[in-house]
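# A structural walkthrough
Residue strings, one per chain:
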Amino acid sequence: MDSLLLFRVRFKKKKKKNKKQIAQGEDIINAGLTQLGAEITNDEVEEEIILQDYKTKK
Amino acid sequence: MKKPRTIKYEVKGILKSQGMKFSDREILKENYSVKIHTLKIWFDDEMIKGIQAVYQMSNGKIFEGKENVVLKDSNFTLYTFQLENFDYLKAIGGAIGEKGFIEYLFFASCSGKKGECGQKKEKQKNFTLNILNSEMPICLNGFLTTLQGKI
């Protein structure tokens, strides 16, 4: 009888521990990049310099 | 350095309630005579975790933009897309997953160099920054989201 009671106590404790673990598992962190952008220019002077440089080295 | 005559702002993706907006304009300040020389991207099996641009000034000097990475981990893979001094970035695009995170990115340069990183999957929504032939990106920006709790 005593051993059965002890088993029940142990079982209850184990069950509580499992519940705690599940609760911790629910704290999911989802993190990352959701938006990407850029400043874009068509500044002719700047582009001309790069294009000239590109043509020369090619 | 003088501000370009025309400058447009191109942004793709989702702005969430929890997170942090970033722009290298905070670092570049009034420097507009720059080009993106290198892009560094951190990613894992699920999504793009962060991005950093390295800029080249008109005098040739290299200038590092801010490292925009969320919860940086040693398990992240680092991908580097580096351009030659004469080359410049012509295309930036990618794919957004069902949860709204950017999961894949691709790049192309004027000389035809191509690069890609992340995971290309089904049910993703593709996007491309609208960069015309006569244009080039000069400053990077975006949004890093951190969601906590039940999803």
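In this text, all values refer to a predicted model and were calculated from it rather than measured experimentally.

### Brief notes about the overall build of chain B
- Within chain B, the regular secondary structure consists of one helix and 12 strands.
- For chain B, the sequential pattern of α-helices and β-strands runs β-β-α-β-β-β-β-β-β-β-β-β-β.
- Whereas a compact globule of 151 residues would reach a radius of gyration of roughly 15 Å, chain B reaches 15 Å, a difference of no more than 12%.
- In chain B, which comprises 151 residues, the proportion classed as buried is 36%.
- Counting contacts in chain B only where the partners sit at least 6 residues apart, residues at least 24 apart contribute 62% of the total.

### Here we look at the pairing of strand β3 (residues 34-43) of chain B
Residues and elements named next belong to chain B.
- Counting buried residues in β3 gives nine out of 10 residues, a clear majority hidden from the surface.
- Here nine bridges tie β3 to strand β4 (residues 48-57), and the two strands are oriented antiparallel to one another. The partner of Phe43 across the bridge, within β4, is Ile48.
- Relative to strand β7 (residues 77-82), β3 is paired through six bridges, and the arrangement is antiparallel. Counterpart to Thr38 in the pairing with β7 is Gln82.

### Things to note about the sheet that holds strand β11 (residues 125-128) of chain B
Residue and element names in this part refer to chain B.
- Reading across from one edge, β10-β9-β8-β11 is the order of the four strands in this open sheet, with antiparallel pairing throughout. Both edges of this open sheet fall to β10 (114-118) and β11, since each of them pairs with a single strand only. Strand-to-strand twist across the sheet, computed as the mean angle between neighbouring axes with direction ignored, equals 15°.
- When strand β8 (residues 89-96) meets strand β9 (residues 102-109), the two strands line up antiparallel, connected through seven bridges. Within β9, the residue paired with Ala95 across the bridge is Tyr104.

### Section: the confidence of the model for chain A
Residue and element names in this part refer to chain A.
- On average, residues of chain A score 61 in pLDDT, and 22% of them reach the 70 mark or higher.
- Of all secondary-structure elements in chain A, the lowest mean pLDDT belongs to helix α1 (residues 2-25), at 50, while strand β1 (residues 28-41) reaches the highest, 89.
- Confidence drops under pLDDT 50 across residues 15-23; counting only partners more than four residues distant or on other chains, this segment forms zero contacts.

### Observations concerning the nonpolar core
- If you look at the biggest cluster of nonpolar residues, it comprises 38 residues, and the most contacted ones within it are A:Leu33, B:Leu39, B:Ile41, B:Ile48, B:Leu89, B:Ile102 and B:Leu105.
- Put simply, the parts of the chain that give this core at least two residues each are β1 of chain A together with β3, β4, β8, β9 and β12 (136-149) of chain B.

### Topic: the environment of B:Lys12
- You can see B:Lys12 is positioned in strand β1 (residues 7-13).
- B:Lys12 gets classed as buried once you count the C-beta atoms within 10 Å, which come to 20.
- What B:Lys12 contacts, discounting residues up to four positions off in sequence, is A:Leu36, A:Gly37, B:Phe127 and B:Leu129.

Rules used in this analysis
Residues numbered from 1 in each chain as written. Chains lettered and ligands numbered in written order. Predicted model: local features only at pLDDT ≥ 70, side-chain atom pairs only at ≥ 80, totals over all residues. Helix = DSSP H or I, 4+ residues; strand = E, 2+ residues; numbered from the N terminus. Rg over C-alpha atoms; globule rule 2.2 N^0.38 Å. Buried ≥ 20, exposed ≤ 12 C-beta atoms within 10 Å, placed from the backbone. Contact = placed C-beta atoms within 7 Å. Pairing = 2+ DSSP bridges. Axes fitted to C-alpha atoms, helices over the stretch in contact; angles between N-to-C directions. pLDDT = per-residue confidence, 0-100. Core = buried A, V, L, I, M, F, W, Y, C linked by C-beta atoms within 7 Å.

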